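So the chains spell out like this:
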Amino acid sequence: MLEAMIHDKCGVFGIFGNKKAAELTYLGLYALQHRGQESSDIVTSHNGKINLHKGMGQVSEVFSNPRVMTRLVGDIAIGHTRYSTTGASSLINIQPFVITNRLQKLAIAHNGNLTNSIELHQRLDSKGSIFQTTSDTEIILHLTAVSIQKTRFERVCDALTKIRGAFSLLFLTENSIIAARDPYGFRPLVLGQFKNAYVIASETCAFDLIGAKYIREVEPGEVLEITRRGLKSTFPFKKTKHAFCIFEYIYFARPDSKIFGENVDKVRRRLGRLLAREHPTEADIVIGIPDSANTATLGYSEESGIRFEIGLIRNHYVGRTFIDPHQKIRDLDVKVKFNPVRGVLKDKRVIVVDDSIVRGTTSKKLVKIIRDAGAKEIHFRVSSPPIISPCFFGIDMPTKKELIGANMSVKEIEKFIEADSLGYLSLEGMLNMPSLPDTTFCAGCFSGKYPMKVPEINGSKLKLGSD
Ligand code: SF4
């Protein structure tokens, strides 16, 4: 079963103290769907009763029946929107998971990936735990159930000190929400306020949609309990150097969000500016691969003085290439997804900015589309370094064998994608960005050096679960 475990990336949202908790969670999840859109779930608490609705599909599909919302009563809610990569994207793995035992009713929503899940799973399994899902998140619930601590909050903290890896978590009980972030702070988690209610989300764009005010980050290593009495914060983990995921800034987070204490738009623009400084070239226009590279492209244009143009139109009714779980669809999608603006590209020397190159097949197809539209020269620029290693901290990525950056030199990639030139942002340039003082990042997928011990890679597949 462990081999079948999967990688996914997710968005979480929670609200404490508003009668419309389920509706607001629905909206919060709506804003977070770029972090996962295969399934979603909302759990509410009302008078000691836990209510839940979950389903496969986008948030609007899962909650399309208005009667669903009327059943999700209560002023406390958490929700989760999820993406997975394999057959494990089934109903049983949809979060939040809920358990009821002699001590507690507890629901959990997780963004991240545990690195000691196999070890913990085996230990719990040998002691009689019966697992219902193929997700590592369930392990956390089992750990709370076997904890000998007295209060629920203590049992949650006890469980959290036994897990390793990346976790931004929300727990819902009959009368509280507990939010937790791993001591490295890999994934973002932010705290806000909506009228008299507290809200917690993966990114601030979820606050904007409901009109909530940003208060602060849930700190790395912080466990925060929200009850009728207010907030209680504790730091149960050993202190460690932070390792915020730099890829959140490069690609995953929305540019209108503020995470790790900084606006994503600002950082992404900065990456584009640095790229222009490191890899200048003569050209007539600069275009971005929409939408995720738009902001970096603006930065490139500002720094180089080369005119920004819209050279590709994206079909918004197709999912993001990088998070499409089916290889078959990936091969079809580039033309479906991007159409060139011939009048813009014809007879032009074009700089194309993208945020990353994963397998290289999409970039190759894009270069062909742009060339077929009449571009005279195509200079491909990437606002991050080559990806040379997989992620163990909650981001779905192909195996090392499939990562083009791990297997070819920049010159070879340039030839493979058939660009006239190719330039990646350097690792040093990215990590020394002046707009990020006093911040330390994980850049493991670019450097192969991870901030913590990672599991063995088993051939082409990693043997661990994720959420
Ligand atoms: S390995 Fe890469 S994607 Fe994973 S947490 Fe580190 S920087 Fe982010």
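Everything numeric in this text was worked out from a predicted model, so none of it was measured.

Trainee: Help me out: how do you make sense of the overall build of the protein in this one?
Mentor: A tally of helices and strands in the protein yields 17 helices and 26 strands. Looking at the 467 residues of the protein, the share that counts as buried comes to 53%. Considering only contacts in the protein between residues 6 or more positions apart, those separated by 24 or more positions represent 72%.

Trainee: What should I look at first to understand the pairing of strand 22 (residues 377-382) in this one?
Mentor: Working note: regular strand, side chains alternate between the two faces of the sheet. With 5 of 6 residues buried, strand 22 lies mostly within the body of the structure. As defined by bridge partners, strand 21 (residues 349-354) adjoins strand 22 across 6 bridges and the pair is classed as parallel. What sits directly across from Val-352, in strand 22, is Phe-380. As a crossover connection, the stretch from strand 21 through helix 13 (residues 361-372) into strand 22 is right-handed. Bridging between strand 22 and strand 23 (residues 421-424) involves 4 bridges; their strand directions are parallel.

Trainee: Explanation requested: the site of the ligand in the structure shown.
Mentor: In the region of the ligand, the neighbouring residues are Phe-186, Cys-245, Ile-246, Phe-247, Cys-391, Phe-393, Ile-395, Cys-442, Ala-443, Gly-444 and Cys-445. The residue makeup of the shell around the ligand, split by class, is 10 nonpolar, 1 polar and no charged.

Trainee: What's the story with the pairing of strand 1 (residues 10-16) in this structure? I'm lost.
Mentor: Among the 7 residues that make up strand 1, 7 are buried, leaving the element largely enclosed by the rest of the structure. Of the two faces of strand 1, the one lined by Cys-10, Val-12, Gly-14 and Phe-16 and the one lined by Gly-11, Phe-13 and Ile-15 are each fully buried. As defined by bridge partners, strand 1 adjoins strand 4 (residues 76-82) across 7 bridges and the pair is classed as antiparallel. Looking at the pairing, Ile-15 lines up with Ala-77 of strand 4. Here strand 1 pairs with strand 10 (residues 197-201) via 4 bridges, running antiparallel. Paired with Ile-15 across the bridge in strand 10 is Val-199.

Trainee: What is the right way to read the packing of helix 5 (residues 137-146) against helix 6 (residues 152-160) from this model?
Mentor: The description of two packed helices rests on the angle between their axes and on the distance between the axes. Running from amino to carboxyl end, helix 5 crosses helix 6 at an angle of 125°, the nearest separation of the two axes being 8 Å. When the axes of helix 5 and helix 6 are compared, the pair comes out oblique. Helix 5 and helix 6 meet at a crossing whose hand is right-handed. Along its contact with helix 5, which presents Ile-140, Leu-143 and Thr-144, the element helix 6 presents Arg-155, Val-156 and Ala-159. The residue inventory of the contact of helix 5 with helix 6, partitioned by class, reads 4 nonpolar, 1 polar and 1 charged.

Trainee: I'm lost on the sheet that holds strand 1 in this one. Help?
Mentor: What holds strands together in a sheet is hydrogen bonding between their backbones, with the strands either parallel or antiparallel. On the basis of which strands lie adjacent, the open sheet formed by 7 strands has the order 3-2-4-1-10-9-11 and antiparallel pairing. In this open sheet, the two strands that pair with only one neighbour each are strand 3 (49-56) and strand 11 (213-217). When strand polarity is set aside, the average angle formed by the axes of neighbouring strands in this sheet is 15°. Pairing analysis gives 5 bridges linking strand 9 (residues 190-194) to strand 10, with the strands arranged antiparallel. When the sheet's bridge partners are listed, Gly-192 is paired in strand 10 with Val-199. Seen against the sheet, helix 1 (residues 21-31) touches strand 1, strand 2 (39-46), strand 4, strand 9 and strand 10 and runs at an angle of roughly 25° to strand 4.

Trainee: Just to check I follow, could you spell out the sheet that holds strand 21 for this structure?
Mentor: Spatially, 5 strands are ordered 18-17-21-22-23 in an open sheet, and the strand pairing comes out parallel. Of all strands in the sheet, those bounded by a partner on one side alone are strand 18 (307-309) and strand 23. With strand direction ignored, the average angle separating the axes of adjacent strands in the sheet is 25°. Note that strand 17 (residues 285-288) and strand 21 share 4 bridges and pair parallel. Bridge pairing in strand 21 places Val-286 opposite Ile-351. Lying over the sheet, helix 10 (residues 294-304) contacts strand 17, strand 18, strand 21 and strand 22, oriented at roughly 165° with respect to strand 17.

Trainee: What should I look at first to understand unusual backbone geometry in this one?
Mentor: Note on backbone geometry: most residues besides glycine have negative phi, and most peptide bonds are trans. Of note, the amide linkage connecting Pro-290 to Asp-291 takes the cis form, showing an omega dihedral of -5°. Along the chain, Asp-291 falls in the loop between strand 17 and helix 10. The residue Asp-347 is not glycine, and still its phi comes out positive at about 65°. Tracing the backbone through its elements, the reader meets Asp-347 in the loop between helix 12 (342-345) and strand 21. By the C-beta count within 10 Å, which is 8 here, Asp-347 ends up exposed.

Trainee: Is there a simple way to explain the nonpolar core in this structure?
Mentor: Side chains that are nonpolar tend, in soluble globular proteins, to be buried together. Counting 131 residues, the largest nonpolar core has Leu-170, Phe-171, Ile-177, Ala-179, Ile-200 and Ile-246 as the members making the most contacts within it. Take this core: its biggest share by element is 7 residues, from helix 1. When residues are assigned to domains, this core turns out to be shared by domain 1 (2-243) and domain 2 (267-442), each giving three or more.

The rules we used
Residues numbered from 1 in each chain as written. Predicted model: local features only at pLDDT ≥ 70, side-chain atom pairs only at ≥ 80, totals over all residues. Helix = DSSP H or I, 4+ residues; strand = E, 2+ residues; numbered from the N terminus. Buried ≥ 20, exposed ≤ 12 C-beta atoms within 10 Å, placed from the backbone. Contact = placed C-beta atoms within 7 Å. Pairing = 2+ DSSP bridges. Right-handed = clockwise from strand over helix to strand, strands pointing away. Near = placed C-beta within 6 Å. Nonpolar A, V, L, I, M, F, W, Y, C, P; charged D, E, K, R; others polar. Axes fitted to C-alpha atoms, helices over the stretch in contact; angles between N-to-C directions. Parallel < 35°, antiparallel > 145°, perpendicular 65-115°, else oblique. Left-handed = near helix turned anticlockwise from the far one by under 90°. Core = buried A, V, L, I, M, F, W, Y, C linked by C-beta atoms within 7 Å. Domains from an automatic or database assignment.

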